[in-house]
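# Chain and residue survey
Residue-level listing of the chains:
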Amino acid sequence: MSGKLITFEGGDGAGKTTQVALLSATLRAKGVNVLVTREPGGTEIGERIRDLILHDPVTLVTAAELLLIFAARAQHIVEVIRPALARDKWVLCDRFTDATFAYQGGGRGVPAERVTQLESIVHHGLQPDLTLLLDLPVTEGMARSVARGKGEDRFESQDVAFKERIRATYLARQASAAHRIRLVDASAQIEVVQAQIKKLVLQVLEP
Ligand SMILES: Nc1ncnc2c1ncn2[C@@H]1O[C@H](COP(=O)(O)OP(=O)(O)O)[C@@H](O)[C@H]1O
Ligand SMILES: [Mg+2]
């Protein structure tokens, strides 16, 4: 495999979706074959699971939420990500398994070992080549999400303490895997964040 898997992480409103679009345009202009995708989602069944997880008012116990996320991810890896990597594509994924450690682990209190067990079942060794952690104070992310104005999903409607645990878990993971997960200051202007990301991507993936 000589494709690349680049994942974007961070709290809601950090700018992930914005920056995925900008990086994909930059890479395409350089002639890279890019595939943009997201989690939960990225496949037909995955997008249906996404709706259940994010937007359906149905009650989900934590284990059900966790398993649904990994069910969607299993389909995504086999149906979309691995085939794209095998065809040398650069896959830009808006959230991936670090988000599960942050949201279901840090946010919901699932032990990290349990997330790791599911990761090993579903990933079969797949890891991102590079993860960009867009870090932003929680209140700033919330203000941006409100300004974006699409309503709140299941996680956006959680309290500030939940979001602070997510941020802290992301930062701890970044510190413990600093080679793969690069910290990006997401509080800067869009163009400044874009420049940070472009530099990191070229530095790490085109040494
Ligand atoms: N660096 C930035 N500075 C100010 N606003 C931003 C920045 N990046 C994104 N935004 C805006 O904040 C909102 C959330 O951005 P988005 O890319 O949807 O975040 P995410 O996908 O991480 O939730 C959008 O309205 C977007 O235009
Ligand atoms: Mg987004």
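Residues numbered from 1 in each chain as written. Chains lettered and ligands numbered in written order. Predicted model: local features only at pLDDT ≥ 70, side-chain atom pairs only at ≥ 80, totals over all residues. Heavy atoms only, no water.

## A look at the site of ligand 1
What surrounds ligand 1 is a group of 14 residues, the closest being Lys16, Thr17, Thr18, Arg148 and Ala188. Residue Thr18 places a side-chain N or O atom 2.5 Å away from an oxygen atom belonging to ligand 1. One of the side-chain N or O atoms of Arg148 is found 2.7 Å from an oxygen atom in ligand 1. The protein chains hide 76% of the 570 Å² of surface that ligand 1 would expose on its own. For the shell around ligand 1, the secondary-structure elements that each account for two or more residues are helix H1 (16-29) and helix H6 (138-148). Here the shell around ligand 1 gets 3 residues from one element, more than from any other, and that element is H1. Of the residues assigned to the shell around ligand 1, the class counts are 4 nonpolar, 6 polar and 4 charged. (Near = heavy atom within 4 Å. Polar contact = N/O pair within 3.5 Å; in protein donor to acceptor, adjacent residues only side chain to side chain. Areas by Shrake-Rupley, 256 points an atom, 1.4 Å probe, with all protein chains shown as cover. Helix = DSSP H or I, 4+ residues; strand = E, 2+ residues; numbered from the N terminus. Nonpolar A, V, L, I, M, F, W, Y, C, P; charged D, E, K, R; others polar.)

## Some details on helix H7 (residues 160-176)
Helix length check: H7, at 17 residues, gives a terminal C-alpha distance of 24 Å against a target of 24 Å (1.5 Å per residue), a fit within 8%. Listed in full, the buried residues belonging to H7 are Phe162, Lys163, Ile166, Tyr170 and Gln174. Buried residues along H7 cover an arc of 115° about the axis, so they all sit on one side. Looking at H7, the residues exposed on the side facing more than 90 degrees away from the buried face are Ala175 and Ser176. Lining the buried residues of H7 we find strand E1 (4-9), helix H4 (97-107), strand E4 (130-135), H6 and strand E5 (181-185). (Expected span 1.5 Å × (residues − 1). Buried < 20%, exposed > 50% of the residue type's maximum accessible area, 1.4 Å probe, protein only. Arc of directions from axis to C-beta. Contact = heavy atoms within 4.5 Å.)

## Section: the packing of aromatic side chains
By the definition in use, this model includes 3 aromatic pairs. Centre to centre, the rings of Tyr103 and Tyr170 are 6.5 Å apart; their planes meet at 80°, and the pair counts as edge-to-face. In this pair, Tyr103 sits in helix H4 while Tyr170 sits in helix H7, placing the two residues 67 residues apart along the sequence. Accessibility expressed as a relative area gives 4% for Tyr170, which makes it buried. Grouping aromatic residues by their ring pairs yields a cluster made of Tyr103, Phe155, Phe162 and Tyr170. The cationic tip of Arg73 hangs over the ring face of Phe96; the distance from NZ or CZ to the ring centre is 5.4 Å. Over the ring of Phe101 we find Arg173; its NZ or CZ atom is 3.6 Å from the centre of that ring. (Phe/Tyr/Trp six-rings, centres within 6.5 Å; stacked < 30°, edge-to-face > 60°. Lys NZ or Arg CZ within 6 Å of the ring centre and 35° of its normal.)

## Details of the packing of H4 against helix H5 (residues 112-123)
Angle between the axes and distance between the axes: these two values describe a pair of packed helices. Between H4 and H5, whose axes approach to 10 Å, the crossing angle comes to 155°. When the axis of H4 is compared with that of H5, the two are roughly antiparallel. The element H4 and its partner H5 pack so that their crossing is right-handed. Here H4 contributes Thr97, Thr100 and Phe101 to the contact with H5, which in turn contributes Ala112, Val115, Thr116, Glu119 and His123. (Axes fitted to C-alpha atoms, helices over the stretch in contact; angles between N-to-C directions. Parallel < 35°, antiparallel > 145°, perpendicular 65-115°, else oblique. Left-handed = near helix turned anticlockwise from the far one by under 90°.)

## A word on the side chain of Lys16
Secondary-structure assignment places Lys16 in helix H1. No salt bridge is formed by the buried Lys16; the nearest opposite charge belongs to Asp12, separated by 4.9 Å. With residues near it in sequence (within four places) discarded, Lys16 still touches Phe8, Glu9, Gly10, Gly11, Asp94, Arg95 and Leu134. (Lys, Arg positive; Asp, Glu negative; His and termini not counted. Salt bridge = Lys/Arg side-chain N within 4 Å of Asp/Glu carboxyl O.)

## Description of the side chain of Ser24
Along the chain, the position of Ser24 falls in helix H1. Its relative accessible area of 6% is what places Ser24 among the buried residues. Excluding its chain neighbours within four sequence positions, the residues that come into contact with Ser24 are Val34, Val36 and Leu92.

## Some words on the packing of H4 against H7
Between H4 and H7, the shortest axis-to-axis distance is 8 Å and the interhelical angle comes to 135°. Taken together, the axes of H4 and H7 lie oblique to each other. The hand of the H4/H7 crossing is right-handed. Residues Asp98, Ala99, Phe101, Ala102, Tyr103, Gly106 and Gly107 of H4 form the contact with H7, whose participating residues are Phe162, Arg165, Ile166, Thr169, Tyr170 and Arg173. Looking at the contact of H4 with H7 residue by residue, the classes come out as 7 nonpolar, 3 polar and 3 charged.

As far as function goes, none of this settles anything; it's purely spatial.
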